[in-house]
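This is what each chain is made of:
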Amino acid sequence: MAGKSFYFSIQSWMLDAMDLSLSEAAVYAYIHGLTRSEELGKKGWHGSIRRLAKVLHTSPSTMNDIVNRLEARGFLHFANGFITSTINRDLASGTPTDNATEIPIDRNPDIISDDKPKDIPF
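This is a predicted model, so every value here is computed, not measured. (Residues numbered from 1 in each chain as written. Predicted model: local features only at pLDDT ≥ 70, side-chain atom pairs only at ≥ 80, totals over all residues. Heavy atoms only, no water.)

**Q** How should helix 4 (residues 60-72) be read in this particular structure?
**A** Structurally, the α-helix is built with 3.6 residues per turn, so residues lying three or four positions apart point the same way. The terminal C-alpha atoms of helix 4 lie 18 Å apart, and with 13 residues this matches the ideal 18 Å at 1.5 Å per residue to within 8%. For helix 4, the full list of buried residues reads Met63, Ile66, Val67 and Leu70. Axial view of helix 4: buried residues confined to an arc of 95°, hence all on one face. Here the buried face of helix 4 lies against helix 2 (22-36), helix 3 (49-55) and strand 2 (76-79). Residue Gly74 follows helix 4 closely and has a positive phi angle near 85°. (Helix = DSSP H or I, 4+ residues; strand = E, 2+ residues; numbered from the N terminus. Expected span 1.5 Å × (residues − 1). Buried < 20%, exposed > 50% of the residue type's maximum accessible area, 1.4 Å probe, protein only. Arc of directions from axis to C-beta. Contact = heavy atoms within 4.5 Å.)

So, in structure tokens, the structure goes:
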């Protein structure tokens, strides 16, 4: 585990723009969260594939297959014992990036209407 309190979320762009399966998106989201975490030092995953499989409750062979597919597609990078995500969707618009594989930000087409009746709680 990450050692400190940590959560990750599978975001819609991981499924839609990156075209990941749910299992691939879960692995990518976990590593992406570790790569982007200010509190954890933005280092990514540091550990074995077997340990990552245990943390995400899957078999080591399945995890190995998922990580290899994500690396082959250019979504993960291995360096100095760390696995990091390569897609950075958290940059402010107009911020230059040196990441050639960056996917443009898609906005969610759903909108929240202010015209709902007042007696509906949500």
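**Q** Please explain the packing of aromatic side chains as it appears in this structure.
**A** For any two aromatic rings, the description comes down to two numbers: the centre-to-centre distance and the angle of the planes. Here the structure, examined in full by the defined rule, presents four aromatic pairs. Arranged with centres 5.2 Å apart and planes meeting at 85°, the rings of Phe8 and Tyr30 form a pair that is edge-to-face. Highlighted residues: Phe8 in the segment before helix 1 (12-15) and Tyr30 in helix 2, separated in sequence by 22 residues. Looking at Tyr30, the relative accessible area reads 4%, which means it is buried. For the pair Tyr30 and Trp45, a centre-to-centre distance of 6.0 Å together with 55° between the ring planes defines the contact as tilted. Of this pair, Tyr30 sits in helix 2 while Trp45 sits in strand 1 (residues 45-46), and the two are 15 residues apart along the sequence. Taken together, the ring pairs connect Phe8, Tyr30 and Trp45 into an aromatic cluster. (Phe/Tyr/Trp six-rings, centres within 6.5 Å; stacked < 30°, edge-to-face > 60°.)

**Q** Teacher, can you tell me more about unusual backbone geometry here?
**A** Peptide bonds are mostly trans, and most non-glycine residues show a negative phi. The phi torsion at His57 lies on the positive side, around 55°, for a residue other than glycine. Relative to the assigned elements, His57 resides in the loop between helix 3 and helix 4. The backbone of Asn80 sits at a positive phi, close to 50°, despite the residue not being glycine. A relative accessible area of 77% means that Asn80 is categorised as exposed.

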